Every structure is written in C-alpha cells, then in structure tokens.
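# Residue-level structure breakdown
The chain contents come next:
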Amino acid sequence: MIEPIEKAGFQVKPPDGWKAVERSRWLAPGTPLAAWAGPDNSSLVVYQTLPAPSDTAEVLAEAMANRLMNLPELTLTAKRTETIAGQAASRVEAVAPGSGAAFAPSGIGKPVAASGETLIPTHRVVVGFPRSDGPVFLAWHAPESSSARLLQDVEATLKGLAIGPDRRRSSQGY
C-alpha cells in the first residue's frame, strides 16, 4: 500500500528522537499525510491542501502569514521563500499560546487551553511547497523554550527531504 505522503512525492525523515504517530493526531488545515511526535512535546505534521492555479512559494508565504495574523497574541517571526531540496518553498514562523505541540484554539478571540493543559508560548515553523495536486506543507510546533532544538531539527529534516517530480495535470480540455 502506498502511503499518502509517498503518493504526494515526499520522503520525510525527521532526526532521531522523532516517532511516527497516527497522521490525524494533530489538526491540519488540509489532508494530513504523515505525523511525528518529537522531543519536548514537539510535533510535525505533513499535510496537503487543495490546488490553486496561482500557487507559488511567494503566494503560499503570504497566505500562511495572513491566516496566522488573526490569531490572538501571535507574533510573526519570519516570512520568506527559499529553495529546499531543489524546490521553491515558503517558510513562515510564529509564536503564539499553545500546548507546545500545537497552537491553542481561539475561536472566541482568545486562546483556550484544552482540558488539563496550561497555555505556554509555542513556536510554529511551516514550510510549504507548491504542487499541481495542491501544496504540501510541513508544520512543526514546539514550546518556545525549546525553539533552538526545534530549529535544528527543522533544518536537519529539510536537509534530508526528498521530493519527487511534480505530476503536472494536463491543462487540456475539450
């Protein structure tokens, strides 16, 4: 059986200390393809969203940053494009209240802790790759107090990332 992440053309191998978990363990704004739990209550989820003809790394970075800016108490720390595994990619980083493994829900205008959890500053790194079948995102979360280690693990994961060719859909119609 081909795993969803392989079908999307990605091979992701986080560094030692990260363990594969059920891909739906954390909420993602798309279809989760794979997930890992890491050190210090950190998380990584790979997900894919619906395709849009105008998706470029620049557009993805702007869209991700815009969506995050409405979260209460959020600080945007990075928004840029870069080349990763030979592919154009967007990268957005932010800090907001959360559990360490995810940002807290905030539908009522303020962050809300899940039952039994205490809100702590949580660091998010999201790297997105435009693809014709829909962009693929890698989203990491960790407590802000562990952000130095998180950033090392992000870089190690991205260094070992393998991305297959984009299967461009035919734009021909009848």
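The structure we're discussing is the one just above.
I will try to describe carefully the structure that is included in this document. (Residues numbered from 1 in each chain as written. Predicted model: local features only at pLDDT ≥ 70, side-chain atom pairs only at ≥ 80, totals over all residues. Heavy atoms only, no water.)

Let us now look at unusual backbone geometry. Here Asp 40, not a glycine, exhibits a phi torsion of approximately 60°, which is positive. Checked against the element boundaries, Asp 40 lands in the loop between strand S3 (31–38) and strand S4 (42–48). Although it is not a glycine, Glu 73 adopts a positive phi angle of roughly 65°. Checked against the element boundaries, Glu 73 lands in the loop between helix H2 (57–68) and strand S5 (75–84). Judged by its relative accessible area of 60%, Glu 73 is exposed. (Helix = DSSP H or I, 4+ residues; strand = E, 2+ residues; numbered from the N terminus. Buried < 20%, exposed > 50% of the residue type's maximum accessible area, 1.4 Å probe, protein only.)

Evaluation of the coordinates by the stated rule reveals seven salt bridges. As a salt-bridge pair, Lys 79 and Glu 62 come within 2.7 Å of each other at their nearest N and O atoms. Note that Lys 79 is positioned in strand S5 and Glu 62 in helix H2, a separation of 17 residues in sequence. Relative accessible area serves as the criterion here: at 41%, Lys 79 is assigned to the partly exposed category. For Asp 153, the salt bridge identified is with Arg 149, shortest N-O distance 3.7 Å. Note that Asp 153 and Arg 149 are positioned in helix H3 (residues 147–159) at a spacing of four residues, about one turn of the helix. (Salt bridge = Lys/Arg side-chain N within 4 Å of Asp/Glu carboxyl O.)

All right, on to the sheet that holds S3 then. For sheets, the rule is that strands pair by backbone hydrogen bonds, running either parallel or antiparallel. The seven strands lie next to each other as S2-S3-S4-S8-S7-S6-S5, forming an open sheet whose pairing is antiparallel. A strand with exactly one partner marks an edge of an open sheet, and here the two such strands are strand S2 (19–21) and S5. Neighbour-to-neighbour, the strand axes of the sheet open up by a mean angle of 20°, direction not taken into account. Pairing analysis gives eight bridges linking strand S7 (residues 120–129) to strand S8 (residues 136–143), with the strands arranged antiparallel. Within S8, the position partnered with Thr 122 by the bridge is Pro 143. Contacts from H2 reach S5, strand S6 (87–98), S7 and S8 within the one sheet, and its direction differs from that of S6 by about 10°. (Pairing = 2+ DSSP bridges. Axes fitted to C-alpha atoms, helices over the stretch in contact; angles between N-to-C directions. Contact = heavy atoms within 4.5 Å.)

So, on to H3. Under the 1.5 Å per step criterion, the end-to-end length of H3 is 18 Å for 13 residues, consistent within 8% with the ideal 18 Å. Among the residues of H3, Ser 147, Leu 150, Asp 153, Val 154, Thr 157 and Leu 158 are the ones counted as buried. Axial view of H3: buried residues confined to an arc of 130°, hence all on one face. Residues of H3 that are exposed and point more than 90 degrees away from the buried face comprise Ala 148, Gln 152 and Lys 159. Those residues of H3 hidden inside the fold are in contact with S5, S6, S7 and S8. (Expected span 1.5 Å × (residues − 1). Arc of directions from axis to C-beta.)

Our next topic: the environment of Ala 102. You can see Ala 102 is positioned in the loop between S6 and S7. Measuring from C-alpha to C-alpha, the distance between Ala 102 and His 141 comes to 5.7 Å, with 39 residues separating the pair along the chain. Discounting residues that sit within four places of it in the chain, Ala 102 has contacts with Trp 26, Thr 122 and His 141.

Time to look at the side chain of Arg 124. By the element assignment, Arg 124 lies in strand S7. For the buried Arg 124, no salt bridge exists, and the shortest N-O distance to an oppositely charged side chain is 11 Å, to Glu 93. Looking at Arg 124, its side chain comes within polar contact range of the side chain of His 141, at 2.7 Å. (Lys, Arg positive; Asp, Glu negative; His and termini not counted. Polar contact = N/O pair within 3.5 Å; in protein donor to acceptor, adjacent residues only side chain to side chain.)

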